[in-house]
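Residues per chain, in single letters:
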Amino acid sequence: MTQPLFNWDSLILRDRVHGSLYSDAEIFNQELEKIWYKTWVYVGHETEIPNADDFVMKSIGPQEIIMTRSGDGEIHLLLNRCAHRGNQLCLDPCGNRKVFVCPYHSWSYRNDGELRGLPFADGYEGVDRSEIGLAKVSRVASYRGFVFGSFAEQGPSLKEHLGGAAEAIDRLAMASPEGKVQITAGFLKHKAKANWKFLVENETDGYHPAFVHASIFQVAKSGIGDLYSSKSTAVARDLGNGHTENDLRPEFRRIGRPMGWFGTNEQRLPDYAAKMRAAYGNDRANQIMIDGTPHIMIFPNLFIAEIQIFVIQPLSVDETVQHVTALQFEGALDLNRRLLQQTMGSVGPAGFLLADDSEMYERTQRGVQARLPAYNYLGRGLHRERRDEDGYLVADATDEVTSRGIWRHYRQLMEAE
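This is a predicted model, so every value here is computed, not measured.

## Describing the overall build of the protein chain
Argument step 1. From N to C terminus, the protein chain includes 14 helices and 23 strands.
Argument step 2. The C-alpha atoms of the protein chain give 23 Å as radius of gyration, which agrees with the globular expectation for 417 residues (22 Å, within 12%).
Argument step 3. Considering only C-alpha atoms, the protein chain reaches an extent of 75 × 60 × 40 Å along its principal axes.
Argument step 4. The 417 residues of the protein chain split such that 53% are buried.
Argument step 5. Put simply, the protein chain shows about 19,400 Å² of open surface, and 50% of that area lies on carbon and sulfur atoms.
Argument step 6. Here the protein chain carries 46 positive and 55 negative side-chain charges, and the mean point of each set is 4 Å from the other.

Written out as structure tokens, the structure reads:
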């Protein structure tokens, strides 16, 4: 019987994880095979390629992916590698193209991956062209416009993978009077010299905001810090399958002010408020505008952060890129304008929030190189974990139930055959 490569019993404990999980290059290589190239990974959104023959460059881990919409409207995820000699096929970030032509030997491919032509074809007499098209991501599925891909030919469906996280995407879509999210504002890229799991943990860590982001909260006179205080009624939730959430709705409902989640009111967004009430009715619209949008990390790489989304891309054991864009909602022009402005202010080139977090990512990456202590402690709130009415594990807003949930799922994936 083959011995396991790693002793997970010693690396991942109930309330702590070993520092080598963030710094061991061989562990990272195993993660690519068992997580990034096996599970469902978020790739892009249908609204990024709205027209026939549109394409946009995306990724699954370090792998470059061309997300295309062929003439029949189907979405394809193609690997950016010519089937002939491995040349990068496409360098443009986006565009509209029926055919991709390799610059090396001019092999050409349709935007569904099929080989279209090759020069001096007599040299390939007898070759089955159907076997030398572009490689494709094995499975492609979409939920409310969010496109996911999996290199595994078989496995859980996207619906099974999302589980309770699907409800959060539903809630997100309901912030639109037409029930549709748009990803159309363009992406910023932020590179951090840190392991990707530090980012995944941080996205739903309710313990750090009051300290790491204290300066911007004070300057902006924001009440966000109170949402993550020891007195907050918000909860941290483990949704299973590695998906985690900071559910701020209890606090917003306690305050009871429509659009308070966005730091504003209906009077400043009259067109949006009127459209929401027309679409959902007065009572339902009121509840939606009080609750706000979700704060959820969909494992392993999609973070929906109220006003924006982050897409996490690991490049190496200690290098990660965050792709970030403002959320936009169909039929909500006045809201969309402010979403874009606030996104630039928080995570743009001169933004405050992401700069704070990035500094912490890189410091922790350097810190885990120290020999001792060997483990990172994740036991906060373990004594007060409880089940909510839906059966999910929850704890107080500042507790580490989310990190523990991430690591439980991570271990299951890494131990799987």
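## Focus: helix H2 (residues 25-36)
Argument step 1. For H2, the set of buried residues is Ile27, Phe28, Glu31, Leu32, Ile35 and Trp36. Taken end-on, H2 shows its buried residues confined to a sector of 150°, consistent with a single buried face.
Argument step 2. In this structure, the buried side of H2 is in contact with helix H1 (8-11), strand S2 (41-45), strand S3 (54-60), helix H5 (196-203), strand S18 (308-316) and helix H14 (401-415).
Argument step 3. Of the residues that open H2, the one with a side-chain oxygen 2.8 Å from the backbone nitrogen of Glu26 is Asp24.

## With respect to the side chain of Lys197
Argument step 1. Here Lys197 is to be found in helix H5.
Argument step 2. Within the local environment of Lys197, its side chain forms a polar contact with the side chain of Glu31, the two groups lying 2.6 Å apart.
Argument step 3. Look past the residues within four positions of Lys197 in its chain and what remains in contact with it is Leu21, Tyr22, Glu31, Trp407 and Tyr410.

## Digging into the sheet that holds strand S11 (residues 146-150)
Argument step 1. Pairing in this open sheet of 3 strands is antiparallel, and the strands run S2-S11-S10 from one edge to the other. In this open sheet, the two strands that pair with only one neighbour each are S2 and strand S10 (139-143). Ignoring which end each strand starts from, the neighbouring axes of this sheet average 30° apart.
Argument step 2. Strand direction decides the pairing type here: S2 and S11, joined by 4 bridges, are antiparallel. In the sheet register, Gly44 faces S11, and the bridge partner there is Val147.

## Thoughts on the environment of Leu302
Argument step 1. With respect to the element layout, Leu302 can be found in strand S17 (residues 302-305).
Argument step 2. The contact partners of Leu302, leaving out residues within four places of it in the chain, are Tyr42, Phe146, Phe148, Ile296, Met297, Ile309 and Phe310.

## Examining the packing of aromatic side chains
Argument step 1. Counted under the stated rule, the structure contains 15 aromatic pairs.
Argument step 2. With centroids separated by 5.2 Å and ring planes inclined at 35°, the aromatic side chains of Trp261 and Phe262 adopt a geometry described as tilted.
Argument step 3. With a relative accessible area of 13%, Trp261 lands in the buried category.
Argument step 4. In this structure an aromatic cluster arises from ring pairing among Phe6, Trp8, Tyr22, Phe198, Trp407 and Tyr410.
Argument step 5. Above the plane of the ring of Tyr207 lies Arg380, whose end atom (NZ or CZ) is 4.3 Å from the centre.

## Focus: empty space enclosed by the protein
Argument step 1. Considering all chains together, one arrives at 2 cavities of 30 Å³ or more under this definition.
Argument step 2. The volume enclosed by the largest cavity comes to roughly 70 Å³.
Argument step 3. Contributing to the lining of the largest cavity are 14 residues, with Asn246, Leu248, Thr293, Pro294 and His295 lying nearest its centre.
Argument step 4. At the level of elements, strand S15 (243-247) and helix H9 (249-255) are the ones that each hand at least two residues to the lining of the largest cavity.
Argument step 5. Per-element tally for the lining of the largest cavity: the top contributor is S15, with 3 residues.
Argument step 6. Volume-wise, the second largest cavity comes out at about 30 Å³.
Argument step 7. Every residue lining the second largest cavity is listed: Ala175, Met259, Trp261, Tyr272, Ile288, Met289, Gly292 and Thr293.
Argument step 8. Grouping the constituent residues of the lining of the second largest cavity by class yields 6 nonpolar, 2 polar and no charged.

## Things to note about the side chain of Thr293
Argument step 1. Tracing the chain through its elements places Thr293 in the loop between helix H11 (282-291) and strand S16 (295-298).
Argument step 2. Within the local environment of Thr293, its side chain forms a polar contact with the backbone oxygen of Glu306, the two atoms lying 2.7 Å apart.
Argument step 3. Here Thr293 is in contact with Leu172, Ala175, Trp261, Glu306, Ile307 and Phe329, once residues within four sequence places are set aside.

## Details of the packing of H5 against helix H13 (residues 353-367)
Argument step 1. Where H5 meets H13, the axes come as close as 10 Å, and the angle between the chain directions of the two elements is 130°. As the angle between them shows, H5 and H13 are arranged oblique. The interaxial crossing formed by H5 with H13 has right-handed handedness. Facing Phe198, Leu199, Asn202 and Glu203 of H5, the residues of H13 in contact are Asp357, Tyr361, Thr364 and Gln365.
Argument step 2. Tallied by class, residues from the contact of H5 with H13 come to 3 nonpolar, 3 polar and 2 charged.

Calculation notes
Residues numbered from 1 in each chain as written. Predicted model: local features only at pLDDT ≥ 70, side-chain atom pairs only at ≥ 80, totals over all residues. Heavy atoms only, no water. Helix = DSSP H or I, 4+ residues; strand = E, 2+ residues; numbered from the N terminus. Rg over C-alpha atoms; globule rule 2.2 N^0.38 Å. Buried < 20%, exposed > 50% of the residue type's maximum accessible area, 1.4 Å probe, protein only. Areas by Shrake-Rupley, 256 points an atom, 1.4 Å probe, with all protein chains shown as cover. Lys, Arg positive; Asp, Glu negative; His and termini not counted. Charge placed at Lys NZ, Arg CZ, Asp CG, Glu CD. Arc of directions from axis to C-beta. Contact = heavy atoms within 4.5 Å. Polar contact = N/O pair within 3.5 Å; in protein donor to acceptor, adjacent residues only side chain to side chain. Pairing = 2+ DSSP bridges. Axes fitted to C-alpha atoms, helices over the stretch in contact; angles between N-to-C directions. Phe/Tyr/Trp six-rings, centres within 6.5 Å; stacked < 30°, edge-to-face > 60°. Lys NZ or Arg CZ within 6 Å of the ring centre and 35° of its normal. 1 Å grid on protein atoms, 1.4 Å probe; cavity = no way out; pocket = protein on both sides within 12 Å on 5 of 7 lines; lining within 4 Å. Points joined across faces, edges and corners; volume = space filled by probe spheres on them. Nonpolar A, V, L, I, M, F, W, Y, C, P; charged D, E, K, R; others polar. Parallel < 35°, antiparallel > 145°, perpendicular 65-115°, else oblique. Left-handed = near helix turned anticlockwise from the far one by under 90°.

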